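A look at the structure
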Amino acid sequence: LNVCIKEGCLSQIDGALRFVHDKVREAAYSLIPDNEKTKFHYNLGFMLYSVARRNVASLGEAILDIVDQINYGIPGLLRPEMLNDVIELNFHSGIKAMDKTDYEMAQ
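Scoring rules and cut-offs
Residues numbered from 1 in each chain as written. Predicted model: local features only at pLDDT ≥ 70, side-chain atom pairs only at ≥ 80, totals over all residues. Heavy atoms only, no water. Helix = DSSP H or I, 4+ residues; strand = E, 2+ residues; numbered from the N terminus. Buried < 20%, exposed > 50% of the residue type's maximum accessible area, 1.4 Å probe, protein only. Contact = heavy atoms within 4.5 Å. Areas by Shrake-Rupley, 256 points an atom, 1.4 Å probe, with all protein chains shown as cover. Salt bridge = Lys/Arg side-chain N within 4 Å of Asp/Glu carboxyl O. Expected span 1.5 Å × (residues − 1). Arc of directions from axis to C-beta.

A count of helices and strands for the chain gives 6 helices and 2 strands. For the chain, the N- to C-terminal ordering of α and β elements is α-β-β-α-α-α-α-α. Looking at the chain as a whole, 19% of its 107 residues qualify as buried. The long-range fraction of contacts in the chain, counting pairs at least 24 apart against all pairs at least 6 apart in sequence, stands at 53%. Here the chain displays about 8,100 Å² of accessible surface, and carbon together with sulfur accounts for 55% of that area.

What follows is the structure in structure tokens.
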């Protein structure tokens, strides 16, 4: 990752790594074969979750990205023993999404 940062493909902002441009992200994503993308998202989501699952409440807005990755990769890959974790993650993600919405402002 340090090479990508030095080459200007990634930037580090507030401890998070981001592609410097959507086209760079799209180019990197295009390197993943289509038949492996679902598994990639699923594995990425659970890898991110495994790092932070000790305290779901501490994930903050990152839970939205984690759950998005897991849900993108669920078809055909979800094992029965993971169902409760996925349900809990989606529940907390939904609460976080609702917290981000300013209902009064929207009315």
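On we go from here.
So, on to the pattern of salt bridges. All told, the structure shown has 1 salt bridge when counted by the stated rule. When the shortest N-O distance is used, the salt bridge between Lys 37 and Asp 34 registers 3.1 Å. On the basis of relative accessibility, which here comes to 14%, the residue Lys 37 falls in the buried class.

We now examine helix 4 (residues 62-73). Across its 12 residues, helix 4 extends 17 Å between first and last C-alpha, which sits within 8% of the 16 Å expected from 1.5 Å per residue. Residues Ile 63, Ile 66, Val 67, Gln 69, Ile 70 and Gly 73 constitute the buried set of helix 4. Looking straight down helix 4, one finds that the buried residues subtend no more than 155 degrees of arc, so they occupy a single side.

Here we come to helix 5 (residues 83-100). Helix length check: helix 5 (18 residues) gives 26 Å between terminal C-alpha atoms against 26 Å at 1.5 Å per residue, within 8%. Turning to helix 5, its buried residues are Val 86, Leu 89 and Ser 93. Each buried residue of helix 5 lies within a common arc of 65 degrees when the element is viewed along its axis, so the set occupies one face. Relative to its buried face, helix 5 has exposed residues pointing more than 90 degrees away, namely Asn 84, Phe 91 and Asp 99.

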